[in-house]
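# Per-entry structural report
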2 protein chains.
Amino acid sequence: MELNKHNNSILLKDFRKLARALTLVENDLAGSADLLKEIRTSDTPVIGITGPPGAGKSTLVNAMINHLSSQGKSIAVLAIDPTSPFNLGSLLGDRVRMAEQFNKPNVYIRSLATRGSLGGLSGKTIEMTDVLQSAGFDYILVETVGVGQSEVEIAGLADISIVVLVPESGDEIQSIKSGLMEIADIFVVNKSDREGADAFANTLKKLVHQKSVPIPVIKTAAHRSEGIENLINEIEKYSSGVNVKRAFLLAEKAWKLIQNHKMKDIDKKKLQINLEKASRNPEFNLYRFIETFI
Amino acid sequence: MELNKHNNSILLKDFRKLARALTLVENDLAGSADLLKEIRTSDTPVIGITGPPGAGKSTLVNAMINHLSSQGKSIAVLAIDPTSPFNLGSLLGDRVRMAEQFNKPNVYIRSLATRGSLGGLSGKTIEMTDVLQSAGFDYILVETVGVGQSEVEIAGLADISIVVLVPESGDEIQSIKSGLMEIADIFVVNKSDREGADAFANTLKKLVHQKSVPIPVIKTAAHRSEGIENLINEIEKYSSGVNVKRAFLLAEKAWKLIQNHKMKDIDKKKLQINLEKASRNPEFNLYRFIETFI
């Protein structure tokens, strides 16, 4: 593996080599295991951007990139698409909106389809984020396209999870209470130039004050680049306290990777065929069946 | 295990024994492995009820129970709560709404907190549903309380997945397109007495016709018990075609259970402590670290 011998700064300056390393890992090609064993991850916090569709996540990421790159910072974006082929439209739509970023020398954008890993954190997402971390970017953003398990996918990985909402999310206070409060390190109320934005932000602020450490609530209007500096400042402030969470995340990542390794010899297709046959027996019992695999 | 010797009908008629069997399995107590190896699961399809908070899932389940039990059918409900202790309010709220069901002799309701299994299908959910299946109910409903990974949790388990929406879900067409279409076997537009219900149902119908086999869209107003009979009929119709999906689900379940077994000797807490120590070394590499476990 030629790549192993390059240190971080070379990787960073050579996006083609970085892309090749990521492709190696994404497709589990020969050499990927060696590559992963050689990387040294940096302290750069991984910033996750989640939220319901239509909240303006891509526009926000776009505005963040503009802001950061104008300050000479380097930024990597991993866009995770946990959905199906027929959702390609939305993926492409987002990518087109991000097209202006592709030519910037300090901005690297990569997509990853995690279809097949229904729910939870995929091994590929962990590995590719680690490769990006080894490349020494100043900022790493992980964003989801699509919905569903996206929050979960990112929460298990990001040092800082930003949950993007819009004034209209007021209807979903129950959902915010029951799921997103667990995940969010920072709430963003985007499209805050819309009616009801202040009222919603205030409701949210009251809600987050029920936690022992209140979650910051930042208002942005990403399409006008408003509030982005505030958000970046809040991220910087949060970064200093990231270490406690990182230990937990590291264990989660290790767990998932060990799990993948332990299961790698079991062929899911074959398992299904065998099960189909076995379950025709009226005496079939799933718990006896799996005994041969454990 | 005394329980093993009882056949299904005895389990069904004795809710106390059923409850004890479920508790055994839920807490992985001595005898639970033996119990699972002795059960014979029935053909009763498992009906999953998912959807965003506020869609009226509990009210719908309530109405379904009323309808079915008035026809002399027996029904088991497993309410899955994938969220946190501080969400207990919403759980209790739902349970209170269901209180009228608790005294019916043919209705068995059980809650299961799956916190800790962030995303995906938990082993406990699989095992407890299998125990309920062995008890010979006419209908088994699995419902989620809370949000987030709920759809995923149930989709990996239910023979029939019912996704409950409301007329206001029109704003979330994108989310329906990108996630729920994959999961839903039947769409319910609940609260269909509200404004915009017909328009939304029609949009949804157009959407589902893009699939090779269109997904049925049923309008209900569960709080008035409207549309419930239609829904039950649609479930019955669907049940006859359930077998293809069941082979796939069985493989998913087996996979998850094998995974749990393979990981059972790894102590997550200890892993975290060891990782915390190891990662202080500047030469630390996660992929070399996990080699000792695989």
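Residues numbered from 1 in each chain as written. Chains lettered and ligands numbered in written order. Predicted model: local features only at pLDDT ≥ 70, side-chain atom pairs only at ≥ 80, totals over all residues.

All right, on to the environment of Leu180(B) then. By the element assignment, Leu180(B) lies in helix α8 (residues 173-183). Counting along the chain gives 19 residues from Leu180(B) to Ser161(B), while the straight-line C-alpha distance between them is 10.0 Å. (Helix = DSSP H or I, 4+ residues; strand = E, 2+ residues; numbered from the N terminus.)

Looking now at the environment of Val208(B). By the secondary structure assignment, Val208(B) is in helix α9 (residues 197-208). The spacing of Val208(B) and Phe187(B) is 21 residues in sequence and 9.3 Å in space, taken between C-alpha atoms.

Our next topic: the sheet that holds strand β3 (residues 107-113) of chain A. All names here are of chain A. Ordered in space as β3-β2-β4-β1-β5-β6-β7, the seven strands form an open sheet in which the pairing is parallel. Of all the strands in the sheet, just β3 and β7 (217-219) have a single pairing partner and so form its edges. Along the sheet, successive strands turn relative to each other by an average axial angle of 20°, direction set aside. Across the sheet, helix α4 (residues 57-70) lies against β1 (46-50), β2 (75-81), β3, β4 (139-144), β5 (160-165) and β6 (186-189), angled at about 170° from β4, the strand it touches most. (Pairing = 2+ DSSP bridges. Axes fitted to C-alpha atoms, helices over the stretch in contact; angles between N-to-C directions. Contact = placed C-beta atoms within 7 Å.)

Moving on, we come to the packing of helix α2 (residues 15-26) of chain B against helix α6 (residues 123-134) of chain B. Residue and element names in this part refer to chain B. Viewed as axis vectors pointing N to C, α2 and α6 meet at an angle of 160°, and their least axial separation amounts to 9 Å. Regarding the angle of α2 to α6, the classification is roughly antiparallel. When the axes of α2 and α6 are compared, the crossing they make is right-handed. Within the contact between the two elements, α2 uses Ala21, Leu22, Val25 and Glu26 and α6 uses Lys124, Glu127, Met128 and Val131. Of the residues assigned to the contact of α2 with α6, the class counts are five nonpolar, no polar and three charged. (Parallel < 35°, antiparallel > 145°, perpendicular 65-115°, else oblique. Left-handed = near helix turned anticlockwise from the far one by under 90°. Nonpolar A, V, L, I, M, F, W, Y, C, P; charged D, E, K, R; others polar.)

Bringing the confidence of the model for chain A into the picture now. The predicted structure's coordinates, where accompanied by low pLDDT, should not be read in detail. Residues and elements named next belong to chain A. Averaged over every residue, the pLDDT of chain A is 81; residues scoring 70 or more account for 79%. Looking over chain A, one finds the lowest element-wise mean pLDDT in helix α5 (residues 88-97), namely 46, and the highest in β7, namely 96. Residue range residues 1-10 is modelled with pLDDT below 50. Its contacts to residues more than four positions away, or to other chains, number 17 contacts. Predicted confidence is poor over residues 84-94, with pLDDT under 50, and the contacts of this stretch with residues over four places away or in other chains come to 14 contacts. (pLDDT = per-residue confidence, 0-100.)

Residue and element names in this part refer to chain B. Read from one edge to the other, the open sheet built from seven strands follows the order β3-β2-β4-β1-β5-β6-β7, with strand pairing classed as parallel. One side of each edge strand has no neighbouring strand; the edge strands of this open sheet are β3 (107-113) and β7 (217-219). The mean inter-strand angle of the sheet, taken between neighbouring strand axes irrespective of direction, is 20°. The strands touched by helix α4 (residues 57-70) are β1 (46-50), β2 (75-81), β3, β4 (139-144), β5 (160-165) and β6 (186-189); relative to β4, the strand with the most contacts, the crossing angle is about 170°. Strand contacts of α6: β1, β2, β3 and β4, with the helix running at about 170° to β2, the strand carrying the most contacts.

So, on to unusual backbone geometry. All names here are of chain B. In this structure, aspartate 28 is a non-glycine residue whose phi angle is positive, near 55°. Locating aspartate 28 in the fold gives a position in the loop between α2 and α3 (32-38). A residue is classified by how many C-beta atoms lie within 10 Å of it, and aspartate 28, with 12 of them, is exposed. Located in the positive-phi region is serine 225, a residue other than glycine, with phi close to 60°. On the secondary structure map, serine 225 appears in the loop between β7 and α10 (228-239). Residue classification places serine 225 among the partly exposed positions, given that 16 C-beta atoms sit within 10 Å. (Buried ≥ 20, exposed ≤ 12 C-beta atoms within 10 Å, placed from the backbone.)

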